[in-house]
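The chain contents come next:
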Amino acid sequence: MAEKITIDHGVVRAPTSMRRSRPEIEKDAAHPVTVTIDGLETEVPYGTPILDAARMQGIKIPTLCFHEDLCIAGVCRICLVEVTGHSILHAACAYPITEPIEILTNTPRVRRARRHMVDLILSEHVGECYSCWRNSNCELQNLAWEYGVRSYKFGHSSEPRTEVDRSAFSVSREMDKCVLCRRCIRTCIDLQEVGVLEAVGRGHETKIGTFMDKPLGNVVCINCGQCINRCPTGALRARDPGDDIWDAIDDPKKHVVIQTAPSPRAGMGECFGLEPGTPVTDKLNTALKRCGFDKVFDTNFTADLTIIEEGTELILRLYKALVEGDEAVALPQFTSCSPGWVKYLEHFYPGMIPNLSSAKSPQQMFGTLIKTFYAEREGIDPENIVSVALMPCTAKKYECNRPEMCDSGYKDVDYGMTTRELARMIHQAGIDLPAMPDTEFDDPFGGATGSGVIFGATGGVMESALRCVIELVTGKTVENFYDHADIIPVRGMEGLRLVEIPITEVGPVPDIIKHLVPNWDWLLGAKLRVGVAHGTANAHKVMEDIKAGGPFSECHFIEFMACPGGCLGGGGQPIPTSPEIRKKRAEAIYAEDRGCEVRKSHENPAVTKIYGEFLTDGPCGEKSHHLLHTHYVARGKYID
Amino acid sequence: MIKSFVDKKLTFRDMDPDVSLKAAADMSSAEIIETVSASSLRGRGGAGFPTGAKWKFCSRAEGDQKYVVCNADEGEPGTFKDRVILTRFPHLVFAGMSIAARAVGATRGLLYLRGEYTYLREGLMAALQKRRDDGLLGDEIMGVDGFEFDIEIRMGSGAYVCGEETALIESLEGHRGEPRNRPPFTADTGMNAMPSVVNNVETFAWAAAIMEKGPEWFRVVGTDQSTGFKLFSVSGDIDRPGVYELPLGITVQELLAAVGGENAKAAVIGGASGRVVSQAEFNRKVCYEDVPTGGAVIVFGPGRDMLDVAENFLEFMCEESCGQCTPCRLGNTKLLECVRMLQEGTCSAAYLREIVELGESIHLASKCGLGQSSGNIFLSIVENFREEIMGRALGAVEPATLRS
Ligand SMILES: Cc1cc2nc3c(=O)[nH]c(=O)nc-3n(C[C@H](O)[C@H](O)[C@H](O)COP(=O)(O)O)c2cc1C
Ligand code: SF4
Ligand code: SF4
Ligand code: SF4
Ligand code: FES
């Protein structure tokens, strides 16, 4: 049914640094070059970096500034190798093979120089590993071990030199631990196109800085946390609420509930030595109960609710624009569940805020319902509820601290917690996650659908929305149009996707929205055009395309996720990250969807129940408007 | 202002830039490159890359818009000869750039002028305007169909590393002045990722001279691998500091004699990225195959403390490193620390050995020429003046306080 339109735009992996046009030689498989690496002769495509060529031969060259998601920097100089006949060593990551050469990766000169690089970095790296959050998951620590560092040859200091920047709700920066690999810069500039971080100063004064050296809370940072995920050391980290949550758990007066999003469940296993893509949802429920959480809820429930609210909003917008001819209606409608994306839009395209769906994100909808509906039903004073959200995302920490997020009369969500942080709590509690038995989610929100699960992957929100819209409009099941209700065209890892869905038949308007639209006749013969973008660099492309009147400007609905891969690649997910790891997490998510009994948001019995019992004036009604919708702030790029 | 004592002998005085350009205008690209190659002219900026070969690479590279860039950043401590050329012979330099443009097929020229030379800018702009008025820049240069070229002046802002050609290009493109990874090389992926030729001011001037006089004329002096005359900026403890034109292959001894520095203790040849030559080596030749230089010669008299020399140059390197790569950014600070330890007599022989090894690693591991040569002066002082610098360590302190 759907037709996927191919567009010539970038992929998730940043091809080259946008900022510097720093040239990299492109690989050319049509022109193989013969090289010898440590005596092994092999053929590689012209332009293959020595690093890749060596890996193909099973030779591991150590790296620090290299990251699979980023353009080549060649700055740490750890990956040194010898090329016969050349007087100096080369950085294997930054040296493309363009002619037959003989490479030696393990010579005394190479070992000594690499060791010197490690020694030099350690001489400037302040502090000790045991007080660092990256202890046991640090690339520098690994290098020190590999290169046999037993003492600090060129000195080492434990005296702090710079103050930790804790100004932002999401990301803190401890520059004493920075090794100037510049991955964060490349992430923020190339991958995310936000551009908060840059190298400032020269020589030994060089450091990573922000605009005018302002604190991170005071610049255009969108809190996506992608820089944290790619930092090799403990220099960047998320604000960890773990201790506060333990305090709440230990306080008998407090009723501590946690909602868990689908992506952390697909990633959490990695923190316990499991393969990426091993789902641990039901084991996690048990672990959380053992940690002392009073209730464990499934964020998928409000993901379903988001679909209903956002979908209704879309139908209303389309109706107003197409039937009533209201030109003031902002289209395409943009999704609003990724708080990093929301802040990106507020900073860089404040004029487009009207396009943003007013529906809150699933996390915040859940927060509001817990302190209203749930508190009422269970007879608990909302004052005593501590609401925690397990998210793959660092921006969620910022989101729950937005001043407008208090519609319940309290702070709707008290703490946003990342996958990594919860993993540590579980470790602290002495719980061996993989060994846990299964437990179901708690009522009354237990019932969730596969639609909620796939929110975690790029394209998932769109797929859920389409499953819902197709059924509501045609009166037939999605399976009539897509096998197993898998809407494949919106899936995948391309940075941008554009899909057209012709509406060839319509049915009766379902009861739940009957009061909003009289019939579907106006949609018959129309083409629903939807778009998907993930990573704000791709969001940027879409926005510019819309401004220029390109194909995306003709869309009706566009899904935006701030993080590459969607939530499963969120800034709070386990480190490391790579295209391969994200793909595996996505597989876990789609597998969980397939295993769900109910896979469409509007069929979720809990959703029907909440509209029946609590949000009685229906989707986008007055009550839902008050509790489940929000507003935005035109921030602009200039901040005092 | 330093006087040029041999000014009257400067070859450039007798050159006619218009004749050079005319000669090139009458030649094909290949013929120009052949002529320059036949002269064996090598880059006068320091690295000494054969100019003809550089132009040939660039002429072969494919690109819609090629560039000719003149490196007038002259940031090497102790170098001031490009300033003299730009002041006195700007037309020769511009003619050289135009010749290069014809050779490689470039239509745009850029002159990257050292920030401290802002006062030269106006004169250079006037010279450029005159050339446009005279039909020596613009479309149909000298009436030759398709010979199109113009030159813009861009200012540097005082970073030494921006003299390194890829950092210079980054700076020209409006970015932080940091060297690029190589390959790809500037000749095929330079300015705006297009094929570009970057040459020193003096290189362009000599190229123009060669077009007028022919390659044989140029090859008459010098050695096999280092042909022609070269301008030297000579300063320090000598009687007659200034800019000299001397043949390549001259010995240090002869050079010192020419400038009144016979009783020198040592000379730094090649500026901050050069090396220290001690008395014992004064019979060595100044040329690419022996002691190379971009033209800076700094002479130290008998009273100079070699540790002060090392300290001074290393301070420069620590500040002027662009800061991107580990060995150069951090390594040089360790070398400097070591010099200070030597000054205080707290450096053990073992630690010095470690630091010398580190210096070698800095050379091997750094991304660009700055880091690769930043330790040269220090290392050559340790090698040649060991007695002098270790003397302080032995007498002054208890071995127990030595760092090892
Ligand atoms: C740190 C550093 C500084 C340099 N500074 C200059 C300079 O000021 N002027 C110059 O002509 N070349 C300088 N160079 C050399 C250039 O990189 C390049 O080799 C030169 O411009 C090429 O021109 P040539 O072949 O005509 O010498 C410098 C190189 C390095 C590594
Ligand atoms: S959190 Fe995102 S926007 Fe903020 S500095 Fe890091 S990468 Fe840039
Ligand atoms: S903060 Fe982290 S990612 Fe950024 S340069 Fe420093 S060590 Fe690298
Ligand atoms: S060697 Fe020094 S100047 Fe050159 S790239 Fe490295 S840090 Fe920058
Ligand atoms: S990994 Fe190659 S230079 Fe950093």
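Conventions used here
Within any chain, residue numbers begin from 1 and follow the written order of that chain's sequence. Both sets of labels track the order of writing: A upward for chains, 1 upward for ligands. Local features in this predicted model are restricted to residues of pLDDT 70 or higher, and side-chain atom pairs are both shown and tallied only at a pLDDT of 80 or more, whereas totals for entire chains, interfaces and linings draw on every residue. Excluding hydrogens and water, the side-chain values take into account all heavy atoms of the structure. Numbering goes from the N terminus for both helices and strands, where a helix is a DSSP run of H or I of at least four residues and a strand is a run of E of at least two. Accessibility here uses a 1.4 Å probe with only protein chains present; expressed as a share of the type maximum, an area under 20% marks a residue as buried, one over 50% as exposed, and anything in between as partly exposed. Any two residues whose heavy atoms approach within 4.5 Å are treated as being in contact. In these tables, accessible area is a Shrake-Rupley quantity obtained with a 1.4 Å probe, and a residue counts as shielded only by the protein chains included in the view. A pocket, in this scheme, is an open set of points on a 1 Å grid over the protein atoms alone with protein on both sides within 12 Å along at least 5 of 7 lines, while a cavity is a set where a 1.4 Å probe fits but cannot get out; residues line either one if an atom lies within 4 Å of a point. Grid points are joined across faces, edges and corners, and a volume is the space filled by probe spheres set on the points. We call Asp, Glu, Lys and Arg charged. Ala, Val, Leu, Ile, Met, Phe, Trp, Tyr, Cys and Pro are nonpolar, and the rest, Gly among them, are polar. Domain start and stop points were drawn from an automatic or database domain assignment. Here the buried area means the combined drop in accessible surface, using a 1.4 Å probe, for two parts upon being joined, counting both sides. Salt bridges are defined as contacts in which a side-chain nitrogen from Lys or Arg sits within 4 Å of a carboxyl oxygen from Asp or Glu. Throughout this description, a polar contact denotes any pair of N or O atoms lying within 3.5 Å of each other; where both atoms belong to protein, one of them has to be capable of donating a hydrogen while the other can accept it, and for residues adjacent in sequence the pair is counted only when both atoms sit in side chains. In this analysis, strands are considered paired if DSSP registers two or more bridges between them. Lines fitted to C-alpha atoms define the axes, with helix axes restricted to the stretch in contact, and inter-axis angles between N-to-C directions lie between 0 and 180 degrees. Residue proximity to a molecule or strand is established when one non-hydrogen atom of the residue lies within 4 Å of it. Grouping buried Ala, Val, Leu, Ile, Met, Phe, Trp, Tyr and Cys residues that are joined through side-chain atoms within 4.5 Å yields what is termed a nonpolar core. Clockwise travel from the first strand over the helix to the second, with the strands pointing away from the viewer, marks a crossover as right-handed. A helix is expected to reach a length of 1.5 Å times the quantity of its residues less one. Each angle receives one of four descriptions, namely roughly parallel if under 35 degrees, roughly antiparallel if over 145, roughly perpendicular if within 65 to 115, and oblique otherwise. Note on convention: near helix rotated counterclockwise from far helix by under a right angle means a left-handed crossing. Clockwise means right-handed.

> Could you give an account of the overall build of chain A, naming the residues involved and the relevant values?
A count of helical and extended segments in chain A gives 19 helices and 18 strands. If you line up chain A on its principal axes, its C-alpha atoms span 80 × 60 × 50 Å. For chain A, buried positions account for 62% of its 640 residues. The contacts in chain A between residues at least 6 apart in sequence include a share of 76% that link residues at least 24 apart. Roughly 23500 Å² of accessible area belongs to chain A as shown, and the carbon and sulfur atoms make up 51% of that amount.

> Please provide a residue-by-residue account of empty space enclosed by the protein, values included.
All names here are of chain A. Tallied over the entire structure, the rule returns 11 cavities of 30 Å³ or more. Empty space within the largest cavity amounts to approximately 270 Å³. Lining the largest cavity are 28 residues, and of these C337, M391, P392, K396 and C567 sit closest to its centre. Put simply, the parts of the chain that give the lining of the largest cavity at least two residues each are α7 (262-267), α9 (300-322), α10 (339-348), α11 (362-378) and α12 (395-400). Looking at the lining of the largest cavity, its residues break down into 16 nonpolar, 11 polar and 1 charged. The computed volume of the second largest cavity comes to approximately 130 Å³. Residue lining of the second largest cavity: 16 residues in total, with C188, V196, L197, C221 and C227 positioned closest to the centre. Counting residues per element, the ones that place at least two in the lining of the second largest cavity are β7 (171-173) and α4 (183-191).

> Got a sec to walk through the domain arrangement of chain A? Specific residues and values, please.
All names here are of chain A. According to the domain assignment, chain A consists of domain 1 (151-237) and domain 2 (242-301 + 364-435). Just the C-alpha atoms count here: the centres of domain 1 and domain 2 sit 28 Å apart. The junction of domain 1 with domain 2 conceals about 610 Å² of combined surface from both sides, 54% of it contributed by carbon and sulfur atoms. If you sort the residues of domain 1 by the area they bury against domain 2, F169, S170 and N223 come out on top, with a joint share of 70%. Counting across the interface, domain 1 meets domain 2 through 0 salt bridges. If you look at where domain 1 meets domain 2, you find 6 residue pairs in polar contact (both at pLDDT 80 or more).

> With reference to specific residues and values, describe the environment of A:C400.
Residues and elements named next belong to chain A. Summarising the element assignment, C400 is placed in helix α12. Separated by 16 residues in the primary sequence, C400 and G416 have C-alpha atoms spaced 6.8 Å apart. Not counting residues up to four positions away in its chain, the partners in contact with C400 are Q363, Q364, M405, K411, V413, D414, Y415 and G416.

> Now, about the sheet that holds strand β2 (residues 108-113) of chain B: what can you tell me, with residues and values included?
Residues and elements named next belong to chain B. The 4 strands lie next to each other as β3-β2-β1-β4, forming an open sheet whose pairing is parallel. Only two strands of the sheet have a single partner each, and these edge strands are β3 (150-155) and β4 (196-200). Ignoring strand direction, the axes of neighbouring strands in this sheet form an average angle of 20°. Inspection of the sheet shows β2 paired to β3 by 6 bridges, in the parallel sense. Following the sheet pairing, G109 is matched in β3 by I151. Where helix α5 (residues 90-104) meets the sheet, its contacts fall on β1 (67-72), β2, β3 and β4, and the angle it forms with β1 comes to roughly 150°.

> Mind laying out the site of ligand 4, listing which residues take part and the relevant values?
Not every one of the 13 residues close to ligand 4 is listed here, only the nearest: B:C322, B:C325, B:C328, B:C368 and B:G371. Its residues placed into classes, the shell around ligand 4 shows 7 nonpolar, 5 polar and 1 charged.

> Could you give an account of the nonpolar core, with specific residues and numbers?
Within the largest apolar cluster, 80 residues are counted, with the highest numbers of intra-cluster contacts made by B:L342, B:F378 and B:I381. Leave out the neighbours within four places in its chain, and B:I381 touches B:V276, B:M306, B:V309, B:A310, B:R386 and B:I389.

> Outline the domain arrangement of chain B, supporting the account with residue identities and numerical values.
Residues and elements named next belong to chain B. By the assigned domains, chain B splits into domain 1 (3-219), domain 2 (229-300) and domain 3 (306-401). Spacing between the C-alpha centres of domain 1 and domain 2 amounts to 25 Å. Contacts between the two partners involve 26 residues from domain 1 and, on the opposite side, 23 residues from domain 2. For the domain 1 and domain 2 pair, buried surface summed over both sides reaches about 1900 Å², with 60% attributable to carbon and sulfur atoms. Our count for the contact surface shared by domain 1 and domain 2 stands at 1 salt bridge.

> Tell me about the sheet that holds strand β6 (residues 242-247) of chain B, residues and numbers included.
Residue and element names in this part refer to chain B. The sheet built from 5 strands is open, its strands ordered β6-β5-β9-β7-β8 with mixed pairing. Two strands in the sheet have a free side with no partner beyond their single neighbour: β6 and β8 (275-278). Strand-to-strand twist in this sheet, taken as the mean axis angle between neighbours without regard to direction, amounts to 30°. Where strand β7 (residues 266-269) and β8 come together, 4 bridges link them in antiparallel fashion. Bridge assignment links I269 to a residue of β8, and that residue is R275.

> Residues and numbers for unusual backbone geometry, please.
Residues and elements named next belong to chain A. Of the consecutive residues L331 and P332, the connecting peptide bond is found in the cis state with omega at -5°. Counting through the fold element by element, P332 comes out in the loop between α9 and β13 (333-334). A positive phi angle, near 60°, is found at C620, a position not held by glycine. By the secondary structure assignment, C620 is in the loop between α18 (605-613) and α19 (622-628).

> Could you give an account of the pairing of strand β18 (residues 557-561) of chain A, with specific residues and numbers?
Consecutive residues of a regular strand have side chains that alternate between opposite faces of the sheet. Residue and element names in this part refer to chain A. Of all 5 residues making up β18, 5 are buried, and the element is well covered by its neighbours. Alternating residues of β18 divide into F557, E559 and M561 and I558 and F560, and every residue in both groups is buried. Two elements, strand β17 (residues 527-534) and β18, share 5 bridges in a ladder whose sense is parallel. Of the residues in β18, the one forming a bridge with A533 is F560. Following the backbone out of β17, through helix α16 (residues 536-547) and into the adjacent parallel β18, one traces a crossover that is right-handed.

> Can you tell me about helix α2 (residues 108-124) of chain A, naming the residues and giving the values?
Taking 1.5 Å per residue, 17 residues should reach 24 Å; α2(A) reaches 25 Å between its end C-alpha atoms and fits that length. Burial in α2(A) covers these residues: A:V110, A:A113, A:R114, A:R115, A:H116, A:M117, A:V118, A:D119, A:L120, A:I121, A:L122 and A:S123. Close packing links the buried residues of α2(A) with β4 (80-83), β6 (102-104) and α3 (139-146) of chain A together with α12 (326-344) and α13 (349-365) of chain B.

> Before we move on, could you go through the packing of helix α2 (residues 29-39) of chain B against helix α3 (residues 51-60) of chain B and cite the residues and values that matter?
Residue and element names in this part refer to chain B. Packing of α2 against α3 leaves a shortest axis separation of 7 Å and a crossing angle of 155°. As the angle between them shows, α2 and α3 are arranged roughly antiparallel. The crossing of α2 and α3 is left-handed. The residues of α3 that touch α2, namely those facing S29, I32, I33, V36 and S37, are T51, G52, A53, W55, K56 and S59.

> Before we move on, can you summarise the interface of chain A and chain B with the specific residues and values?
With 41 residues of chain A at the interface, the matching set in chain B holds 44 residues. Both faces combined, the contact of chain A with chain B buries some 3600 Å², and carbon together with sulfur accounts for 55% of it. Counting across the chain A and chain B interface gives 6 salt bridges. Among the salt bridges present, the one from B:K334 reaches A:E124, with a minimum N-O distance of 3.8 Å.

> So what about the pattern of salt bridges? Which residues, and what values?
All names here are of chain A. In the structure shown here, the tally under the stated rule is 73 salt bridges over all chains. Across the salt bridge formed by E124 and R161, the nearest N and O atoms sit 4.0 Å from each other. With a gap of 37 residues between them, E124 in helix α2 and R161 in the loop between α3 and β7 connect regions that are remote in the sequence. With a closest N to O distance of 2.7 Å, K476 and E505 form a salt bridge. Pair noted here: K476 is in the loop between α15 (460-474) and β16 (496-502) and E505 is in the loop between β16 and β17, with a separation of 29 residues, a long-range link. Here K476 falls in the partly exposed class, since its relative accessible area comes to 37%. Put simply, E463, R467, D486, R491, D593, R594 and R599 are held in one network by salt bridges that share partners.

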